Amino acid sequence: AQSVTQPDIHITVSEGASLELRCNYSYGATPYLFWYVQSPGQGLQLLLKYFSGDTLVQGIKGFEAEFKRSQSSFNLRKPSVHWSDAAEYFCAVGARGGSYIPTFGRGTSLIVHP
Amino acid sequence: EAQVTQNPRYLITVTGKKLTVTCSQNMNHEYMSWYRQDPGLGLRQIYYSMNVEVTDKGDVPEGYKVSRKEKRNFPLILESPSPNQTSLYFCASSLRGPYEQYFGPGTRLTVT
């Protein structure tokens, strides 16, 4: 069975600082990987995805993520955080050619200080 | 505008009173699904539908029903709601499979 772990429940950064949100997954093969963002009172929006190929993927809003097979990780990064990035971030795993049920992590809440 | 809509956005009801939350998408997506979001638990899938002919259980289907009579609509039905179904519910759709999903704005349900 697949699983996703987001080790950090909350992350606090100062505006302008760099950001890294951690995501570790468990799956028998290379899964499909996603990061979603949920702003307060909103639904989830896809930030970026990894299916195959280049392990460094670029997303919207200046975010990027790197797939590291050896570490079973898919960490999300941004070089300079803006106050509007304050939100809940979810990592998700989708199985290839099998289950149609994705697995979401429990989320990391990003707090941005001015 | 491409979107997933849900109605109602907020609902307070009493135990046992049947309710339906509607979900509609205008992107001609094949795959639709329902999730519930609870604090500290992330999102858990309730039901999904690969297309109008295939609907199946997700991780937490107990107490819920769904219907996919046409491609654009995927209502969630609680025939006898209980307080443990108090949650934030999201409908989502994607072209094929649970991959690049588009989410609705959410329905906050309270069952007393």
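Look a little higher up for the structure.
In short, a report on the structure. Everything quoted here is computed from the prediction, not taken from an experiment.

A tally of regular secondary structure across chain B gives zero helices and eleven strands. Across chain B, contacts joining residues at least 24 apart in sequence account for 54% of those joining residues at least 6 apart. One way to put it: in chain B the 13 positive side-chain charges average out to a point 6 Å from where the 10 negative ones average out.

Applying the stated criterion across every chain, the model contains two disulfides over all chains. The disulfide partner of Cys23 of chain A is Cys91 of chain A, and the S-S distance across this bridge is 1.9 Å. An S-S torsion of about -65° defines the bridge between Cys23 of chain A and Cys91 of chain A as left-handed. With a gap of 68 residues between them, Cys23 of chain A in the loop between strand E3 (19–21) and strand E4 (24–26) and Cys91 of chain A in strand E10 (residues 87–94) connect regions that are remote in the sequence. Linked covalently through their sulfurs, Cys23 of chain B and Cys91 of chain B form a disulfide whose S-S length is 1.8 Å. For the disulfide bridge between Cys23 of chain B and Cys91 of chain B, the dihedral angle about the S-S bond is near -70°, and by the sign convention the bridge is left-handed. Here Cys91 of chain B lies in strand E9 (residues 87–94) and Cys23 of chain B lies in strand E3 (residues 19–25), a separation of 68 residues in the sequence. With respect to burial, Cys23 of chain B and Cys91 of chain B carry one shared label: buried.

Let's shift gears to the interface of chain A and chain B. In many reports, interface size means the accessible area that the parts give up when they come together. Each partner contributes to the interface: chain A provides 19 residues, whereas chain B provides 23 residues. Across the chain A to chain B interface the summed buried area is about 1,700 Å²; carbon plus sulfur atoms make up 61%. There are one salt bridge connecting chain A and chain B. Among the ionic pairs, Lys49 of chain A bridges to Glu100 of chain B, the shortest N-O distance being 3.3 Å. For the interface between chain A and chain B, the tally reads four residue pairs in polar contact (both at pLDDT 80 or more). When contributions to the side of chain A that touches chain B are tallied by element, the ones reaching two or more residues are strand E5 (32–38) and strand E6 (44–50) of chain A. The dominant element in the side of chain A that touches chain B, judged by the number of residues it contributes, is E5 of chain A, at four residues. Within the side of chain A that touches chain B, the residues separate by chemical class into twelve nonpolar, five polar and two charged.

Here the focus is the pairing of strand E2 (residues 10–14) of chain A. All names here are of chain A. Only one face of E2 is covered, namely the one carrying Ile11 and Val13; the face carrying His10, Thr12 and Ser14 has none of its residues buried. Sheet analysis places E2 next to strand E12 (residues 108–113), joined by five bridges and oriented parallel. Residue Val13 lies in a different strand from E12, and its bridge partner there is Val112.

Residue and element names in this part refer to chain B. Spatially, four strands are ordered E1-E3-E8-E7 in an open sheet, and the strand pairing comes out antiparallel. Lying at the two open borders of the sheet, with one neighbouring strand each, are strand E1 (4–7) and strand E7 (65–66). Bridge analysis of E7 against strand E8 (residues 76–78) gives two bridges, and the strand direction is antiparallel. Bridge assignment links Lys65 to a residue of E8, and that residue is Ile77.

What follows deals with the side chain of Glu64 of chain A. Residue and element names in this part refer to chain A. Relative to the helices and strands, Glu64 resides in strand E8 (residues 64–68). For Glu64, the side chain forms a polar contact with the side chain of Gln58, separated by 3.2 Å. Look past the residues within four positions of Glu64 in its chain and what remains in contact with it is Leu48, Leu56, Val57, Gln58, Asn75, Leu76 and Arg77.

What counts and how
Residues numbered from 1 in each chain as written. Chains lettered and ligands numbered in written order. Predicted model: local features only at pLDDT ≥ 70, side-chain atom pairs only at ≥ 80, totals over all residues. Heavy atoms only, no water. Helix = DSSP H or I, 4+ residues; strand = E, 2+ residues; numbered from the N terminus. Contact = heavy atoms within 4.5 Å. Lys, Arg positive; Asp, Glu negative; His and termini not counted. Charge placed at Lys NZ, Arg CZ, Asp CG, Glu CD. Disulfide = S-S within 2.5 Å. Buried < 20%, exposed > 50% of the residue type's maximum accessible area, 1.4 Å probe, protein only. Buried area = accessible area lost by both parts, 1.4 Å probe. Salt bridge = Lys/Arg side-chain N within 4 Å of Asp/Glu carboxyl O. Polar contact = N/O pair within 3.5 Å; in protein donor to acceptor, adjacent residues only side chain to side chain. Nonpolar A, V, L, I, M, F, W, Y, C, P; charged D, E, K, R; others polar. Pairing = 2+ DSSP bridges.

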